[in-house]
Amino acid sequence: MSIKPLAMRDVFLEKIWQEMSVDFLIFFVSADFGSPVLDKIRRDFPDRFINVGIAEQNLINITAGLAIEGYKVFAYAIAPFITMRCYEQIRVSLALLSEVRPMNVNLIGVGAGYSYVVSGPTHQCYEDITIMRALPNFQVLSPADHITAASLFDGCVANTGLRYLRFDAQVQPILYPLEAPTVSDGFYLYQKGDKVCFISTGFMTHTALKVAEKINKIGFKVGIIDIFDITNFTREGLKKVLESYSAIVSFEEGFRGRGGLDSMLFEFIAESELNLKTLSIGVDPGYSFELGSRNEIHEKVGIGTESAVKKIQPFVQTIMKKS
Amino acid sequence: MTTDQVNNLREKVLWVWRETLAIHRRAPETRLASSLSVIEIFVALYYGGVLKFSASSPLDEERDRCIISKGHGSICMYPILADLGFFAMEELQNVCQTGSFLGGIPDPVIPGYETVNGSLGHGLGVATGIAIALKTKKSDRSVFVVTGDGELHEGANWEAIMFASHHKLDNLHLIVDNNNISMLDYTDSIVSHSNLLERLTSFGWDCVEVNGHDVVAVLNILLEKKNKSRGKPKAIIAKTLKGRGVPGLENESLSHIINPKPELIDELLDRESEL
């Protein structure tokens, strides 16, 4: 029986809605951002649903106040707004305050990367992995399909902590039809390969799969790792997997070389004393107002399947020759 | 209120004023002037029976929450919290010293502090979230938040101000230390707050002005507002003087960054002065 792909937020909010009827400590706070499932939450739990209006600073402040009073808070807005409009509120009253006041806060940012294709750079989000992973005490979660997104929910409810969940705004194909990856690992070795391993997050895992297929056609089978926990993945586990490779290629729908997934992996490789060559597939730093489909835009900014293949093919060939 | 109670409060104000000067004398890194305008407000809150608190269990569920948002300008809370038993009085000797938890700006590691206050303009918003939480818990405890007037230039405050009245948060009390001086100038010369009462009233708050250096008047207003529930958040605009009682500091536009000479502080501390 095939499973129908769903929007990450719909599946995640459905779980929140279900849990709210048994866990009276859950609060849902939105900055005037909705979804069909959200209508059920505000209908059924009006005492624990707040729309603060278009006011993300207040969204975070209200969230902090509720959280230090013991509520488990899910705060919900478009990804660039819930991270960047209110970054200092997040830093001061969540990341910093949580050093002394334990809290359970889950910031749900919808609209990773170019998911809001026609809305332009204000609604698109290429900086959030960088800035959110810069904050101590924050876990940055970036699922590639709705199965993974749903699997993250139980940990959010059960554990004290601060989390940023980076959801795609569009429905993505299912990566894990049989079973969700193990949440505590933070990554999943989707495909084993020879010498070169792709490490990708969110939407770009789907691109990495397409690129791997094309690279496979010219005779090279690469490994593919889907990393969905950018901050708290098991470091020993990833190290063990990567020890058998000679090179990695990082894939992110965020700026290349600006502190995002690529930087995190390069730091990890250095710290783990892994001997790996690296290549980064990320958005050429810069803002563009051009319109087009997500794939067309991706090709223009250097992260589409074709442009990635162009960069990766010579890299893979060099690695294979050396070995 | 009996004459004794009034005298006790006034003595406490003078004691806190002197202790604040003494702390600054030992730790000149602290900012003095903005701590001197707010003393009567804190004395009324903590000694006047307004706030319910537990020094031995600072995060006791049955406490009223007091959010001290003034950043630099609340060094005067150190002697108050020590006097009330939140921590040992000897700690006042160590302000800004290595290993002390009492810094130039109070942090939430200090028993009695609820939130992070160094960056201005965060206290009221977080207090608003706490007020919602208390309402949801059906708690009859209140949230008090003390801000400066300069920090009301931060827009996030106004997001909270709109929100609090919409949600009828009558358990939320804002006390503004309206000394009319920010770091570089009089707030009236920067972006004026001269009609703060009208502004807050028009935003749906139950708002009143008081002489912030009349501790009895401040206390009476606080008690009256706390016991009166009218479906509105409440604001008390306390008209105060920055750098109060210190020549060269009082109501000086640059008082925030002026350190009085140690000899002047010694002279003031030696004097049996009255404010």
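Residues numbered from 1 in each chain as written. Chains lettered and ligands numbered in written order. Predicted model: local features only at pLDDT ≥ 70, side-chain atom pairs only at ≥ 80, totals over all residues.

**Comments concerning helix α12 (residues 294-301) of chain A**
Residue and element names in this part refer to chain A. Spelled out, the test is: Counting other C-beta atoms within 10 Å of its own, a residue is labelled buried from 20 upward, exposed at 12 or fewer, and partly exposed in the gap between, with every C-beta atom placed from the backbone. Numbering goes from the N terminus for both helices and strands, where a helix is a DSSP run of H or I of at least four residues and a strand is a run of E of at least two. Here the arc refers to the set of directions running from the helix axis out to each C-beta atom.
Along α12, the residues classified as buried are I297, H298 and V301. Down the axis of α12, the buried side of the element spans an arc of 105 degrees, and every buried residue falls inside it. Phi for G302, located one or two positions after α12, is positive at around 95 degrees.

**Some words on the pairing of strand β8 (residues 196-200) of chain A**
All names here are of chain A. Heads up, the rule is: Only strands joined by at least two bridges in the DSSP assignment are considered to pair. Handedness is read with the strands pointing away from the viewer; a crossover is right-handed when the path from the first strand over the helix to the second is clockwise.
Of all 5 residues in β8, 5 are buried, a share of seventy percent or more. Every second residue of β8 is oriented toward a common face, with V196, F198 and S200 on one face and C197 and I199 on the other, all of them buried. Pairing geometry for β8 and strand β10 (residues 247-255), over 5 bridges, is parallel. Bridge pairing in β10 links C197 to I248. Pairing geometry for β8 and strand β9 (residues 223-227), over 4 bridges, is parallel. Each residue of the ladder has a partner; that of F198, found in β9, is I224. Taken together, β8, helix α9 (residues 203-217) and β9 constitute a β-α-β crossover, and its handedness is right-handed.

**A word on the domain arrangement of chain A**
Residues and elements named next belong to chain A. The line we're drawing: In this entry, domain limits derive from an automatic or database-based domain assignment. Contact between two residues is assigned whenever their backbone-derived C-beta positions fall within 7 Å. Three residue categories are used. Nonpolar comprises Ala, Val, Leu, Ile, Met, Phe, Trp, Tyr, Cys and Pro, charged comprises Asp, Glu, Lys and Arg, and polar comprises the others, including Gly.
Structurally, chain A comprises domain 1 (8-167) and domain 2 (183-322). On a C-alpha basis, the centres of domain 1 and domain 2 stand 27 Å from each other. Between domain 1 and domain 2, the residue contacts involve 25 residues of the former and 29 residues of the latter. Considering every element that reaches the side of domain 1 that touches domain 2, the biggest residue donor is strand β5 (residues 138-141), with 4 residues. Class assignment for the residues of the side of domain 1 that touches domain 2 results in 14 nonpolar, 8 polar and 3 charged.

**Examining the interface of chain A and chain B**
Taken together, the 23 residues of chain A in the interface contact 19 residues of chain B. Elements that contribute at least two residues to the side of chain A that touches chain B include exactly α3 (56-68) and α5 (87-96) of chain A. With 8 residues, the top contributor of residues to the side of chain A that touches chain B is α3 of chain A. Taken together, the residues of the side of chain A that touches chain B break down into 11 nonpolar, 7 polar and 5 charged.

**Focus: the sheet that holds strand β7 (residues 187-191) of chain A**
Residues and elements named next belong to chain A. Going by this rule: Fitting a line to C-alpha atoms yields each axis, with helices limited to the stretch in contact; the angle taken between N-to-C directions then spans 0 to 180 degrees.
A sheet is described by the order of its strands in space; here 5 strands give the open sequence β7-β9-β8-β10-β11, paired in mixed fashion. Because the sheet does not close on itself, it has two edges, and the strands there are β7 and β11 (277-283). Going from strand to strand, the sheet's axes swing by 20 degrees on average, the running direction of each strand aside. Here 6 bridges tie β10 to β11, and the two strands are oriented parallel to one another. By the bridge assignment for β11, I248 is matched with T278. Sitting on the sheet, α9 is in contact with β7, β8, β9 and β10, with an inclination near 135 degrees to β10. Seen against the sheet, helix α11 (residues 261-271) touches β8, β10 and β11 and runs at an angle of roughly 150 degrees to β10.

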